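What follows is each chain in one-letter form.
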Amino acid sequence: MKAVVVELRGSKAAALKQDGTVVLVPNKNYEVGQELSISAGKSTVKRAAVWGAAAAALVISLGAGLYQTPYSYMSVDVNPSIAFSLNCFDRVIHVNAMNGESQRIVDGLLEKNVTNLSADQALSLTLNMLAQDRYFENADETPILIASASQSSEKANILADELAQTVRTFAGDAGGYDVEVVSGSLDEAAKASDQGVTLGRKRLVDEIESRSSSAEPFPYQEWAEKPLGQLVKENRKLSPTPASRTASQPEAAPSPAAQPRPQSHPQSQQPQYRPGPAAGFPSKEGQAPSRPAQGRMPQKPAATPRPAQPGGNAHAQAPAGQAGLPQPPFTQGNGRPKGAANEMPANLPGAASRGGTYQFNQERNSWAAKAPSSFASSGAGKPIPRQPHPLPKGR
Amino acid sequence: MRSRLTDYFRRQAKFSAELSISPEVFSGEAEEDSPDFGLQAAVVRRTASTPDNSAIKDEIEAANKLFCEYGFSFYDLAACSPKSEKTRKMCARAVAFLMDRPLLITEMRRTKQLPLKALEQPGIPRKTLERHRKYMIAAAEILLHDDFPCLKEYMHSIREEGRQ
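Not measured: the values here are computed from a predicted model.

*Asks:* It is not clear to me how the overall build of chain A should be interpreted in this structure. Could you clarify?
*Replies:* Broken down by element type, chain A carries nine helices and 11 strands. Per-residue burial for chain A yields a buried fraction of 44% across its 395 residues. A separation of at least 24 residues holds for 58% of the contacts in chain A among residues at least 6 apart in sequence.

In structure tokens form, the structure reads like this:
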């Protein structure tokens, strides 16, 4: 576009363009009145291309940033403690070995490209590797503790459900294994990471600390480094009696007998939960692994009765349901249903993995898996409901 | 001494691309018997083809003087010129409206201010008028004055768009 230089000021020249506008251009030794040829600006196509490229770059950079931003947390404790950082798509972005024993497992996971796998795939892979390393040979001595945390408690619960389902699928509803899934907040998980432990282990040690009656300062770090089985045993030992817990925590175990059972879960359609040896795992007696029958959990061998628990589950003390009223899936203190009321609404997500701690939601008029039980009883108003530890069997 | 010579030749290196020519050549007189006649002829051709822009230069100076009465110059117009096509059309409409009303022109010249209130009309927000105040005064003055025929050519599009 033609333009004429109308004024000069230092390194800039004002030029009157043919469309009647005045623009500043670099003064290349111009004179006032000199005619110039100024480009009319970028074409529409070029401008659109530039904007398109900028938008694409923005989307890509935002997407990459979003993908790499930790949103959720997951940890697996068998005795090796492994923590996973997940993004908002529930994909693994980091794996951390939380104790020396787990470093080898983490190395193996990284070799198998655990990053970018989904949370349940990563959990399955981890459990497989642990099984290969013979961590599950002695099932009764090997509790499995899964913890999840997220920026929203709802998301953490959903993640816990998914993880519980994954464990159940993996173990084939392993009757001989103590599986516990807990969920919490990211702050809690961050605090646990600062202390060098997983969220699940932190919960357990916190529980023991709160129950400890010793006048001496609690050796937290020493406890945090103890094997998981020992922690579970100690926690069980320190648990209050079932009667006192039931009396003191009526909210933690509301009697579902008073609630009507929803029609959508008829009793006849619910498969019975009968614990048995885990499919895929070698049994204690050296028997071949057995798959459960379709729709049923494998039968727990009768030769391994569980002794009465000193710190039983609050549900175990709840009054039995009356005839015609809904029967709560009370547990025996080991996270598994008991007696005629043992029918587990298997179609409820994560019910089994939560150790049978599910409740009837009066507002929603439906059965729902309660937030993952912890090693302690829950209190109203707490962000994470705490339940009696369903890893009961005194060994 | 060696360093000084090195420095000198380095300083003079920037003039190595220049050719010295007699000052008479710039007045259009090339010496035919000169050894660098070809060079001189080229310079004469180039200087002869340079357009005479003294007319527009005078117009610009006169316009600048006129704008000074309003308190701005051509350089200030760069900041308040409409950038987008839409704004330019709005300004053109306002200028056309102003030029069609001699009373407003008289008022503007007397107060040295743009009669914003009178120019406010549907489709031309007051904010736009205020933002491009100086530009509209300049456009109106250039288009109204008969002394700026060359500058009027550059403002022609504003005039045309204002009439539409």
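*Asks:* What is the right way to read the interface of chain A and chain B from this model?
*Replies:* Contacts between the two partners involve 16 residues from chain A, matched on the other side by 18 residues from chain B. Elements supplying a minimum of two residues to the side of chain A that touches chain B: β1 (2–9), β2 (12–17) and β3 (22–26) of chain A. Take the side of chain A that touches chain B: its biggest share by element is four residues, from β1 of chain A.

*Asks:* Even after reading the chapter, I still don't get the packing of helix α2 (residues 103–111) of chain A against helix α3 (residues 119–132) of chain A, so can you show me in this structure?
*Replies:* A pair of packed helices is captured by two measures, namely the crossing angle of their axes and the spacing between those axes. Residue and element names in this part refer to chain A. It is at 10 Å that the axes of α2 and α3 come closest, and there the two elements cross at 125°. Comparing their axes, α3 and α2 come out oblique. In this structure, α2 crosses over α3, and the sense of that crossing is right-handed. In this structure, α2 uses Ile105, Gly108 and Leu109 to contact α3, whose residues at the interface are Leu125, Thr126, Met129 and Leu130. In the contact of α2 with α3, the residues fall into five nonpolar, two polar and no charged.

*Asks:* Teacher, can you tell me more about the environment of Val22 of chain A here?
*Replies:* Looking at the element boundaries, Val22 of chain A is found in strand β3. Owing to 23 C-beta atoms within 10 Å, Val22 of chain A belongs among the buried residues under this scheme. Separated by 19 residues in the primary sequence, Val22 of chain A and Ala3 of chain A have C-alpha atoms spaced 8.8 Å apart. With sequence-adjacent residues up to four places away left out, Val22 of chain A is seen in contact with Val6, Ala14, Ala15 and Leu16 of chain A together with Phe74, Leu77, Ala78 and Ser81 of chain B.

*Asks:* What is the right way to read the packing of helix α5 (residues 85–99) of chain B against helix α9 (residues 133–144) of chain B from this model?
*Replies:* Residues and elements named next belong to chain B. Where α5 contacts α9, the two axes come as close as 10 Å, and the packing angle between them is 50°. Considered as vectors, α5 and α9 are oriented oblique to each other. Considering how the two elements wind past one another, α5 and α9 form a crossing that is right-handed. Only Tyr135, Met136, Ala139, Ala140, Leu143 and Leu144 of α9 make contact with α5, whose side of the interface consists of Cys91, Ala94, Val95, Leu98 and Met99. Taken together, the residues of the contact of α5 with α9 break down into 11 nonpolar, no polar and no charged.

*Asks:* Please explain the sheet that holds strand β5 (residues 72–77) of chain A as it appears in this structure.
*Replies:* Sheets are built from strands paired through backbone hydrogen bonds, the pairs being either parallel or antiparallel. Residues and elements named next belong to chain A. Strand order in the open sheet formed by five strands is β7-β6-β5-β8-β9, and the pairing between neighbours is mixed. On the outer flanks of this sheet lie β7 (92–97) and β9 (179–185), each paired with one strand and no other. Going across the sheet, the axis of each strand differs from the next one's by a mean of 15°, ignoring polarity. Bridge count between strand β8 (residues 144–150) and β9: seven bridges; the pairing is parallel. Considered in β9, the bridge of Leu145 is made with Glu180. Sitting on the sheet, helix α5 (residues 186–194) touches β5, β6 (81–86), β8 and β9, and the angle it makes with β9 is about 105°.

*Asks:* Can you walk me through unusual backbone geometry in this structure?
*Replies:* A negative phi angle is the norm for most residues apart from glycine, just as the trans form is the norm for most peptide bonds. Even without glycine at this site, Asn113 of chain A takes up a positive phi of about 55°. Residue class for Asn113 of chain A comes out exposed when judged on the 10 C-beta atoms lying within 10 Å of it.

*Asks:* Would you explain the environment of Leu116 of chain B in this entry?
*Replies:* Residues and elements named next belong to chain B. In this structure, Leu116 sits in helix α7 (residues 116–119). Classification of Leu116 by C-beta neighbours within 10 Å gives partly exposed; the count is 13. Between the C-alpha atom of Leu116 and that of Leu129, which follows or precedes it by 13 residues, the distance is 6.8 Å. Setting aside anything within four residues of it in sequence, one finds Leu116 in contact with Arg126, Leu129 and Glu130.

*Asks:* Before we go on, may I ask you to explain helix α1 (residues 44–67) of chain A in this structure?
*Replies:* What sets the pattern is the α-helix's 3.6 residues per turn: residues three or four places apart point alike. Taking 1.5 Å of rise per residue, 24 residues should cover 34 Å, and α1 of chain A covers 34 Å from first to last C-alpha, within 8% of that figure. Taken across its 24 residues, α1 of chain A has zero buried, putting it largely on the surface.

*Asks:* It is not clear to me how the pairing of β6 of chain A should be interpreted in this structure. Could you clarify?
*Replies:* A regular strand places its side chains on the two faces of the sheet in alternate fashion. All names here are of chain A. In terms of residue burial, β6 counts as a mostly covered element, since six of its six residues are buried. What you see with β6 is no split at all: Ser81, Ala83 and Ser85 on one side and Ile82, Phe84 and Leu86 on the other are buried throughout. Sheet topology places β5 next to β6; six bridges connect them, and they run antiparallel. Across the sheet, the residue bridging to Val76 is Ile82, located in β6. Following β5, the chain reverses through three residues before pairing antiparallel with β6.

The rules behind the values
- Residues numbered from 1 in each chain as written.
- Chains lettered and ligands numbered in written order.
- Predicted model: local features only at pLDDT ≥ 70, side-chain atom pairs only at ≥ 80, totals over all residues.
- Helix = DSSP H or I, 4+ residues; strand = E, 2+ residues; numbered from the N terminus.
- Buried ≥ 20, exposed ≤ 12 C-beta atoms within 10 Å, placed from the backbone.
- Contact = placed C-beta atoms within 7 Å.
- Axes fitted to C-alpha atoms, helices over the stretch in contact; angles between N-to-C directions.
- Parallel < 35°, antiparallel > 145°, perpendicular 65-115°, else oblique.
- Left-handed = near helix turned anticlockwise from the far one by under 90°.
- Nonpolar A, V, L, I, M, F, W, Y, C, P; charged D, E, K, R; others polar.
- Pairing = 2+ DSSP bridges.
- Expected span 1.5 Å × (residues − 1).

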